[in-house]
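The lines below spell out each chain.
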Amino acid sequence: MSKKSFLSPALVLLVPSLAIILGVFLIPMLYILMQSFQDQHEQFSFENYLVFVKDPYYLQILWRTIKISLLTVIVCLALGYPVALFMAQASPKWRGIVTFAIISPHLISVVIRNFGWVIILGDKGWINTILMKIGIIHEPLKLMYNELGVVIGLADANIVYMVLAIATSLYQIDASLYKAAGILGARRAESFFTITLPLSLPGIIAGTTLVFSLSMSAFVTPALMGGTSVKVLPVIAYEKIMAQLNWPMGAAISFLLLTSTFALVAIFTKIVETKRYKEVFAS
């Protein structure tokens, strides 16, 4: 069979997917990109990008968006790694139970889950009510409508990606490596830092990338759990487009958010892959 006759059916099968990608994603994105270079009079201009760079208000919001995303990554990594490690060492039965437990909440809308957190973290929520009844606090703690509430909501929404990414790497570790380390006199902590952690690094990087990207672009959770006091770039872009009908500025903010996310992820990945564990990624 010739190469031409082999490729033709494959290309035909790709046509529907490529048409959907072009029509639903690429063409609208290019249209919005063109709008970001227009002023209020629909003339070509860099005004929107210059306003963003020169205005401390937008720079502060960009930094807040990055900070909240980084805190979410740290929380997801701290809470998710032990769960992934348990899954890797557990029996198939318990592994299935834990997998179902961390995935099942995502069968419910993120809006419903956020309202559930309002019931738990609000001024009259379960946490404040219990702490006040037992006398630990005398006035409600501010757990909502601040950066803490947004980080909690984002961690709840994204921790599953961290757990599954790390668990996938841990499943691939050969158990004989631990036996060899034990024979050579390595303790459990030494085995973890010399075997488990380095070989799970690809999963950590994958989970970190997913959680950070999703947190940077999150809209519903910051809007519901941050309120009007915690502004992030996706919320500002929405307000510019839907409330103020300023499509050029909203489009510019959207693409600055996209490029900053790509840049930060690329820099982070490059730094990690060129350091001590470079050989892990080469395997």
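Scroll up a little and you will see the structure.
What comes next is a walk through the structure. These numbers come from a predicted model, not from an experiment.

**Examining the overall build of the protein chain**
Broken down by element type, the protein chain carries 14 helices and 0 strands. The secondary structure elements of the protein chain, listed N-terminal to C-terminal, are α-α-α-α-α-α-α-α-α-α-α-α-α-α. If one aligns the C-alpha atoms of the protein chain with their principal axes, the spans along those axes are about 80 × 75 × 35 Å. Across the 283 residues in the protein chain, those meeting the buried criterion constitute 36%.

**Quick look at the packing of aromatic side chains**
Across all of its chains, the model carries 9 aromatic pairs by this definition. Relative to Phe-46, the ring of Phe-44 lies with its centre 5.3 Å away and its plane at 80 degrees, an arrangement referred to as edge-to-face. What makes Phe-44 exposed here is its relative accessible area of 63%. With a centroid separation of 5.6 Å and an interplanar angle of 20 degrees, the aromatic rings of Phe-52 and Tyr-58 are classed as stacked.

**A word on the packing of helix H12 (residues 233–243) against helix H13 (residues 247–273)**
At a closest axis distance of 7 Å, the pairing of H12 and H13 adopts a crossing angle of 160 degrees. Comparing their axes, H13 and H12 come out roughly antiparallel. In this structure, the crossing between H12 and H13 has a hand that is left-handed. For the pair formed by H12 and H13, the contact residues are Leu-233, Pro-234, Ile-236, Ala-237, Lys-240 and Ile-241 on the first element and Trp-247, Met-249, Gly-250, Ala-251, Ile-253, Ser-254 and Leu-257 on the second. Here the residues of the contact of H12 with H13 are counted per class, giving 10 nonpolar, 2 polar and 1 charged.

**Details of H13**
Given a rise of 1.5 Å per residue, 27 residues ought to cover 39 Å, and the 39 Å separating the end C-alpha atoms of H13 matches this to within 8%. The residue sitting at the N-terminus of H13 and contributing the capping side-chain oxygen is Asn-246; that oxygen lies 3.3 Å from the backbone nitrogen of Met-249.

**Here's the deal with unusual backbone geometry**
With the exception of glycine, the majority of residues adopt a negative phi angle, and the majority of peptide bonds are in the trans configuration. One non-glycine residue, Tyr-145, adopts positive backbone phi at about 60 degrees. Among the structural elements, Tyr-145 can be located in the loop between helix H6 (126–133) and helix H7 (147–171). Located in the positive-phi region is Leu-245, a residue other than glycine, with phi close to 55 degrees. Relative to the elements of secondary structure, Leu-245 occurs in the loop between H12 and H13. Classification of Leu-245 by relative accessible area gives exposed; the value is 61%.

**Re the environment of Ser-260**
For Ser-260, the position within the fold is in helix H13. For Ser-260, a relative accessible area of 15% corresponds to the buried category. Residues Ser-260 and Ile-68, 192 residues apart in the sequence, show an inter-C-alpha distance of 14 Å.

**As for the packing of helix H8 (residues 176–183) against helix H9 (residues 188–199)**
Close contact between H8 and H9 brings their axes to 10 Å; oriented N to C, the two are set at 160 degrees. One element, H8, and the other, H9, form an angle in the roughly antiparallel class. Crossing of H8 over H9 shows right-handed handedness. Contacts between H8 and H9 pair Leu-177, Tyr-178 and Ala-181 from the former with Ser-191, Ile-195, Thr-196 and Leu-199 from the latter.

**Brief notes about the environment of Ser-169**
Checked against the element boundaries, Ser-169 lands in helix H7. Relative accessible area serves as the criterion here: at 11%, Ser-169 is assigned to the buried category. Among all residues touching Ser-169, those that are not within four sequence positions of it are Leu-199, Ser-200, Pro-202 and Gly-203.

Conventions we followed
Residues numbered from 1 in each chain as written. Predicted model: local features only at pLDDT ≥ 70, side-chain atom pairs only at ≥ 80, totals over all residues. Heavy atoms only, no water. Helix = DSSP H or I, 4+ residues; strand = E, 2+ residues; numbered from the N terminus. Buried < 20%, exposed > 50% of the residue type's maximum accessible area, 1.4 Å probe, protein only. Phe/Tyr/Trp six-rings, centres within 6.5 Å; stacked < 30°, edge-to-face > 60°. Axes fitted to C-alpha atoms, helices over the stretch in contact; angles between N-to-C directions. Parallel < 35°, antiparallel > 145°, perpendicular 65-115°, else oblique. Left-handed = near helix turned anticlockwise from the far one by under 90°. Contact = heavy atoms within 4.5 Å. Nonpolar A, V, L, I, M, F, W, Y, C, P; charged D, E, K, R; others polar. Expected span 1.5 Å × (residues − 1). Polar contact = N/O pair within 3.5 Å; in protein donor to acceptor, adjacent residues only side chain to side chain.

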